[in-house]
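Listed below are the residues making up each chain.
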Amino acid sequence: MPEMPEVEAVCRRIRPEVAGSIIRRARLLRPGTAAGPGAREMEAWLEGRRIGRVLRRGKNILLYLAGRPEPWRALHVHLRMTGNLEMAPDARMHAAAARMILEFDGRRALVFHDPRALGRVRLMTADQVRELSAAIGPEPLSPAFTAGRMTEAARRCRKAVKLFLLDQTRIAGIGNIYAAEILFAAGIHPGRRANRLSAARMEALHGAIRRTMAEAVRTAGAEYGEPGRWGEAEFALRVYGREGEPCGRCGARVKRVRQGGRSTYYCPGCQR
DNA sequence: CACAATACCTGCTAGC
DNA sequence: TGCTAGCAGGTATTGT
């Protein structure tokens, strides 16, 4: 489910409780959830560690763990489609979909919950964290993400612009919903080739990415008093999930097409 | 290399 | 009511 704005909201929500806490006990409740080396090994390394910073890069969550005497590591969490991280007041109280539990002092725990079990956790060395970050494109809300830099990336991509937006190596954090909303905001047809957009459209696309993602971060964050909800109620979706409904701007029926095996929604009147 | 298709999982719902 | 096909906000892997 979560795209960058929802992942950011998860980080903001758990950070005050998690940062500075010591992991008394780590439990991986499903073998496949731990990517790479064994789950038992990972649990053993985690126990007794203090969590430092809680950072996000694209859709990736990194919980930094003090090493001493060995070098620090980070617990990398990817929520994929249905994952979520939540604080539980009591580690014994968790749903069937709990995949990892990090128990802190006095029963408090951070629970990785993931019904569909596509999410992954992995212990990373400093080098692996650097590699991960280097493999991902710029954060859309960072100063580094300029119209110029985006245009350069797009010029090298012959795919449909919708698929360009979803490619994490080019821009970090955009997913299926916001890609559709961004293209609606920019007035660009999702099937246009990324490398063939005019300079004016590159500017429009860049602006739409920044505005849409900024708005989504605000709305996803605003809603986070309510655990388990993903911000869909606050952010006004104009095309996503609205197949057959009239476009709020021009009245044409919203269309759904398949791109890269996934649904794309767009307004044939507004997006050319 | 770039790109497309498929695999990975479970749960929900629209339609019969 | 009960079944099933189709779909779900992501990405690693495999194939062309």
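Visitor: What should I look at first to understand helix α4 (residues 147–155) in this one?
Guide: For an α-helix, 3.6 residues make a turn, and residues three or four places apart therefore share a direction. All of the buried residues along α4 are A147, M150, T151, A153 and A154. Within α4, the buried residues cover an arc of 160° as seen down the axis, which keeps them to one side. Tucked into the core, α4 has its buried residues touching α5 (161–166) and α7 (199–222).

Visitor: I'm lost on the protein's contact with DNA strand C in this one. Help?
Guide: Near DNA strand C you find 19 residues, and of these H78, N176, Y240, R262 and S263 are the closest. For DNA strand C, the fraction of protein-proximal atoms (within 4 Å) that sit in sugar or phosphate groups is 60%. The contact in question runs from a sugar or linking oxygen of DNA strand C to an N or O atom on the side chain of E3, over 3.5 Å. In the environment of DNA strand C, a base nitrogen lies 3.3 Å from a nitrogen or oxygen atom belonging to the side chain of R80. Residue assignment for the surface near DNA strand C shows that the elements contributing at least two residues are α6 (176–186) and β10 (262–266). Residue contributions to the surface near DNA strand C peak at three residues, all from β10. In terms of residue class, the surface near DNA strand C is made up of six nonpolar, five polar and eight charged.

Visitor: Would you take a moment to explain the sheet that holds strand β8 (residues 120–125) for this structure?
Guide: The strands making up a sheet are joined through hydrogen bonds of the backbone, oriented either antiparallel or parallel. Strand order in the open sheet made by the four strands is β2-β3-β4-β8, with antiparallel pairing throughout. A strand with exactly one partner marks an edge of an open sheet, and here the two such strands are β2 (51–57) and β8. Within this sheet the neighbouring strands show an average axis-to-axis angle of 20°, counted without direction. Of the pairings in the sheet, the one linking strand β4 (residues 73–78) to β8 comprises six bridges and is antiparallel in character. Pairing of L75 across the sheet is with L123, part of β8. Strands in contact with helix α1 (residues 4–18) are β2 and β3 (60–65); relative to β2, the strand with the most contacts, it is inclined by about 170°. Against the sheet, helix α3 (residues 126–135) contacts β2, β3, β4 and β8, and its axis sits at roughly 115° relative to β8.

Visitor: What am I meant to see in the protein's contact with DNA strand B here?
Guide: Taken together, R30, P115, R116, L118, C157, R158, K159, L163 and R170 make up all the residues around DNA strand B. At the protein interface, 72% of the atoms of DNA strand B within 4 Å belong to sugar or phosphate. Residue R30 places a side-chain N or O atom 3.2 Å away from a sugar or linking oxygen belonging to DNA strand B. At 2.7 Å, a side-chain N or O of R116 approaches a base oxygen of DNA strand B. Grouping the amino acids of the surface near DNA strand B by side-chain chemistry returns four nonpolar, no polar and five charged.

Visitor: Is there a simple way to explain the sheet that holds strand β6 (residues 98–103) in this structure?
Guide: Strand order in the open sheet made by the four strands is β1-β6-β7-β5, with antiparallel pairing throughout. Each having just a single partner strand, β1 (25–28) and β5 (84–88) make up the two edges of the open sheet. Sheet twist, expressed as the mean angle between neighbouring strand axes with direction ignored, is 15°. Taken together, the four bridges between β1 and β6 define a ladder with antiparallel strand orientation. Counterpart to L28 in the pairing with β6 is M100. Across the sheet, α1 lies against β5 and β7 (109–113), angled at about 35° from β5, the strand it touches most.

Cut-offs applied
Residues numbered from 1 in each chain as written. Chains lettered and ligands numbered in written order. Predicted model: local features only at pLDDT ≥ 70, side-chain atom pairs only at ≥ 80, totals over all residues. Heavy atoms only, no water. Buried < 20%, exposed > 50% of the residue type's maximum accessible area, 1.4 Å probe, protein only. Helix = DSSP H or I, 4+ residues; strand = E, 2+ residues; numbered from the N terminus. Arc of directions from axis to C-beta. Contact = heavy atoms within 4.5 Å. Near = heavy atom within 4 Å. Polar contact = N/O pair within 3.5 Å; in protein donor to acceptor, adjacent residues only side chain to side chain. Nonpolar A, V, L, I, M, F, W, Y, C, P; charged D, E, K, R; others polar. Pairing = 2+ DSSP bridges. Axes fitted to C-alpha atoms, helices over the stretch in contact; angles between N-to-C directions.

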